[in-house]
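The lines below spell out each chain.
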Amino acid sequence: MKKFDKNKVILGFAAPVLAIVAALVLTSIIIAATGKDPFHAFEVMVDYGSKSDSQVWIINKATPYYLSALAVAIGFRMNLFNIGVDGQYRIAAFFAAVVGGALTLPGIIQIPIIIIVAMLVGALWAGIAGLLKTTRGVSEVISTIMLNAIGASVIAYFLKDGRLAEKEGNLVHTPYLPDAAHFFEIPTTPKPIYGFVVVAALAGIAYWFVLGRTRFGFDLRTVGQSESAAHASGVSVKRMVITAMLLSGAMAGLVGMPTLLGVSYNYGTDFPTGIGFTGIAIALLGRNHPIGMVAGALLWGFLDRTSTQLEFEGYAQEVVGVMQGVIVLCVVIAYEIVRRYGLKMQQRKVGEELAAQARKSDKAEVSA
């Protein structure tokens, strides 16, 4: 049984508390600088965000955010910066929508097919970056940025009337999924919660178990901390890089599924974009922890929801964007400050223990 470490627990709580306090102070200063009352802004946000319809909206919004954060975090745990989640989920959702719109099968068969196609396409798209890194030494940051642009161009080429899409008014979209391919909903008042929140929860559990409780997860984290140490212990670094990118891409493939299977039932020019970049911020905010990223996704959804109400109250809508940036910066800085302080305390403790042992040794030599 592990010994309870009071200092470690205190430091664990100190980082988020410090981040929240710093974010509130800085945000208040920014709002005050615009000539508005920051306390009234916070009151409006809490009041509007706590309404029942807002809570449902926040949960639905947080579901793809959380899946995006998981995709990014898989790379982060191995010291890989998969900045291409945005392109991976979009191209995965597009081809999943094309396949789903072309099939007419029972829902119990068609829904898994659509999800599997999305995960495979996302994994293959991310795997290109992993292959380039292991064979040619290309940074995954550069390759995934390029793949985002290429993915957008591929979608733009096929998303035209007469190719893989059809025109409806001013919108161009893939054929609608049949009713059997609509995902279930959780009935709530006044609107239902997307059933895909269950899949997101299962994905979070799988992330925690595979990366934190298996040999594979240990090897993945070891490669991220020290490639030379991992290689010395018999781990294939190249294989782990490609595997991590494939897993990250497969998770990214799930990001667009809540919208595709529960809202739009097609992929069109109005399909949500930018969720992959939001996932990077949420992964940083949650420190790659499955529970921390849940909190980060819900917070992001809360801020998105309340931004419109702030605009009605006369506040600039961009204030929320500033808040989001400030929160991420405060979290990163606060955790780094606490980490360095904890390391300094640990070094001091080790020094004191060594000094005590030296004194005991000197006394023993004198008495002898």
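Criteria and thresholds
- Residues numbered from 1 in each chain as written.
- Predicted model: local features only at pLDDT ≥ 70, side-chain atom pairs only at ≥ 80, totals over all residues.
- Heavy atoms only, no water.
- Helix = DSSP H or I, 4+ residues; strand = E, 2+ residues; numbered from the N terminus.
- Buried < 20%, exposed > 50% of the residue type's maximum accessible area, 1.4 Å probe, protein only.
- Contact = heavy atoms within 4.5 Å.
- Areas by Shrake-Rupley, 256 points an atom, 1.4 Å probe, with all protein chains shown as cover.
- Lys, Arg positive; Asp, Glu negative; His and termini not counted.
- Charge placed at Lys NZ, Arg CZ, Asp CG, Glu CD.
- Axes fitted to C-alpha atoms, helices over the stretch in contact; angles between N-to-C directions.
- Left-handed = near helix turned anticlockwise from the far one by under 90°.
- Nonpolar A, V, L, I, M, F, W, Y, C, P; charged D, E, K, R; others polar.

## A word on the overall build of the protein
A count of helical and extended segments in the protein gives 14 helices and 4 strands. Overall size of the protein, expressed as C-alpha extent along the three principal axes, is 95 × 55 × 35 Å. Expressed as a percentage of the 368 residues in the protein, the buried residues total 43%. Sequence-distant contacts in the protein: of pairs separated by 6 or more residues, those separated by 24 or more amount to 74%. Summing over all exposed atoms, the protein offers an accessible surface of approximately 19,400 Å²; the carbon and sulfur share of this is 65%. For the protein, the separation between the mean place of its 30 positive charges and that of its 24 negative charges on side chains is 12 Å.

## Let's talk about the packing of helix 5 (residues 107-136) against helix 11 (residues 257-264)
In the contact formed by helix 5 and helix 11, the axes pass within 11 Å of each other and the chain directions differ by 145 degrees. The interaxial crossing formed by helix 5 with helix 11 has right-handed handedness. Between helix 5, through Ile111, Ile114, Ile115 and Ala118, and helix 11, the contact on the second element is made entirely by Met257, Leu260 and Leu261. In terms of residue class, the contact of helix 5 with helix 11 is made up of 7 nonpolar, no polar and no charged.

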